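As a plain string of letters, each chain reads:
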Number of protein chains: 2
Amino acid sequence: MTSNRDIDTLIQMMAKLPGLGPRSARRAVLHLIAKRELKLMPLADMMQSVAATARECAVCGNIGTSEVCDICRASKRANGLLCVVEDVADLWAMERGGAFQGRYHVLGGTLSALDRIGPEQLRIPALIARIEAESISEIILALGATIDGQTTAHYIADQIEGHVRLTTLAQGVPIGGDLDYLDDGTISAALSARRAL
Amino acid sequence: MTSNRDIDTLIQMMAKLPGLGPRSARRAVLHLIAKRELKLMPLADMMQSVAATARECAVCGNIGTSEVCDICRASKRANGLLCVVEDVADLWAMERGGAFQGRYHVLGGTLSALDRIGPEQLRIPALIARIEAESISEIILALGATIDGQTTAHYIADQIEGHVRLTTLAQGVPIGGDLDYLDDGTISAALSARRAL
């Protein structure tokens, strides 16, 4: 395409990233090459450094650079409070919110009969093991409001019911949300969970 | 954000690429880390290889890995026919079309009084030097149909008029284009350049 093998390969690799296509990959690579010292070299170095050090936290499944991640090691995090999320992106989203002060457990996906993902493919056995080991008193199921997410939530609830307090994120109107743009399911959920002013 | 310095830095670097933002950069980095051996390491290696070898062709300004690019060195390319483009992305677009068999000259931008870009900031003197050195017989000005692109085309035409045959790309209805979605300027241009069936 550019009549140069390495640059073509780099563009093809970039084009396979989520959110990029062939056109934006070409633009990105040209941008990087134009600013080689300032952008391409530092990015290549940082990728190599992350490739060498990134690893899954042995406790919660978060991605970090140490055996046990910073959140699991933080002493000021509330003990006994565990938030269960589908993947690392959800964990990071919760952290950006900054409202949660407990620890996490990343499942690594949701149960899915179609994709043949059962409890053993997820970190559900590890979650059950943590409840006793860390004397967890409350588990917040912060799974997606999708069919697979809710199936997974129900499965986990069945497994650990009685051992620990189980909660889930509230459903309702998002902050700044306009009723006119909300789907019917969300409006119904917000209505049935209405609270006194 | 992720409470890990290297991963945060990598996300910030990726987020500054054209076409990516913070959210898509996070997704891309998580995707890369999840497939470290298969994606992140090869991408980092390829970036380092391109960073080490990519350079501007000394003749035409194309980006390649040798002093003179493959297109300039290709013996089967038509001598004497030069296509002037604004940047390397335009050259690659022409090459994808596959219809042009001459050589290129990349200006590196367009004249712009606002951005203080004059002929010396572009590769216009090099273009004029090539006309005699390579005994060019025709120059195709394939510059954008923008005000800056057309200003640049007129400036180049003024400089080299009489020395060489000057042509420009045809303007008209794009292949597969629907008249209803075309702007008035394009329709007018296509009408005034109408040809016998």
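Everything numeric here is computed off the predicted structure, so don't read it as measured data. Every chain begins its residue count from 1, and numbering advances along the sequence as written. Whichever chain is written first becomes A and whichever ligand is written first becomes 1, with later ones labelled in order. Note on the predicted model: pLDDT of at least 70 is required for a residue's local features to be given, and 80 or more for side-chain atom pairs to be given and counted; whole-chain, interface and lining totals, by contrast, use all residues. Neither water nor hydrogens contribute to the side-chain values; these are computed over all heavy atoms in the structure.

### Some thoughts on the relation of the copies chain B and chain A
Okay, step 1: Alignment of the copies relies on least squares applied to C-alpha atoms, considering only residues that score at least 70 for pLDDT in both. Superposition of chain B onto chain A requires a rotation of 180° combined with a translation of 0.0 Å along the rotation axis, giving an RMSD of 0.0 Å. Look at the turn and shift together and you get a two-fold axis relating the two. Relative to the rotation axis, the closest C-alpha in chain B is found at Ala44 of chain B, a distance of 2.5 Å.

### Describing the pairing of strand S5 (residues 138–141) of chain B
Residues and elements named next belong to chain B.
Okay, step 1: Burial here depends on accessible area, computed with a 1.4 Å probe over protein chains only, as a share of the maximum for the residue type. Under 20% is buried, over 50% is exposed, and the range in between is partly exposed. Think of it this way: any DSSP run of H or I at least four residues long counts as a helix, any run of E at least two long counts as a strand, and we number them from the N terminus. Alternating positions in S5 separate into two faces, Glu138 and Ile140 on one and Ile139 and Leu141 on the other, with burial throughout.
Okay, step 2: Being paired, for any two strands, means DSSP has found at least two bridges between them. Note that strand S3 (residues 81–85) and S5 share four bridges and pair parallel. Along S5, the bridge assignment pairs Leu82 with Ile139.
Okay, step 3: One ladder, built from four bridges, connects S5 with strand S6 (residues 165–168); its direction is parallel. Bridge pairing in S6 places Leu141 opposite Thr168.
Okay, step 4: The handedness rule is simple: strands pointing away from the viewer, and a clockwise path from the first strand over the helix to the second, make the crossover right-handed. Taken together, S5, helix H7 (residues 147–160) and S6 constitute a β-α-β crossover, and its handedness is right-handed.

### Here's the deal with the side chain of Ser66 of chain B
Okay, step 1: If you trace the backbone, Ser66 of chain B turns up in the loop between strand S2 (63–64) and helix H4 (70–73).
Okay, step 2: Setting aside chain neighbours within four positions, we find Ser66 of chain B in contact with Arg55 and Arg73 of chain B. Contacts between residues were defined by any pair of non-hydrogen atoms, one from each residue, lying within 4.5 Å.

### What to know about a nonpolar patch on the surface
Okay, step 1: On the surface, Val173, Leu179 and Ile187 of chain A cluster together into a nonpolar patch covering about 240 Å² of accessible area.
Okay, step 2: Its place among the elements puts Leu179 of chain A in the loop between strand S6 (165–168) and helix H8 (184–192). A patch consists of residues whose relative accessible area exceeds 30% and which take part in no salt bridge; residues with like charges are grouped when within 9 Å of each other, and nonpolar side chains (Val, Leu, Ile, Met, Phe, Trp, Tyr) when within 5 Å. Computed with a 1.4 Å probe, the accessible areas rest on the Shrake-Rupley method; for each residue, only the protein chains presented here act as cover. Every case where a carboxyl oxygen of Asp or Glu lies within 4 Å of a side-chain nitrogen of Lys or Arg is listed as a salt bridge.

### A look at the interface of chain B and chain A
Interface size is often expressed as the accessible area that is lost when the parts come together.
Okay, step 1: With 51 residues of chain B at the interface, the matching set in chain A holds 51 residues.
Okay, step 2: Here chain B packs against chain A, burying approximately 4800 Å² in sum over the two surfaces, 71% of which is carbon and sulfur.
Okay, step 3: At the junction of chain B with chain A, the criterion picks out zero salt bridges.
Okay, step 4: Polar contacts, as used here, are pairs of N or O atoms within 3.5 Å; protein pairs need one atom able to donate a hydrogen and one able to accept it. Residues neighboring in sequence count only if both atoms are side-chain atoms. There are nine residue pairs in polar contact (both at pLDDT 80 or more) connecting chain B and chain A.
Okay, step 5: Elements represented by at least two residues in the side of chain B that touches chain A include exactly helix H1 (5–15), helix H2 (22–34), helix H3 (36–53), S2, H4 and helix H5 (88–97) of chain B. What counts as buried area is the accessible surface, traced by a 1.4 Å probe, that two parts surrender upon association, with contributions from both included.

Note that all results are geometric; they support no functional claim without further evidence.
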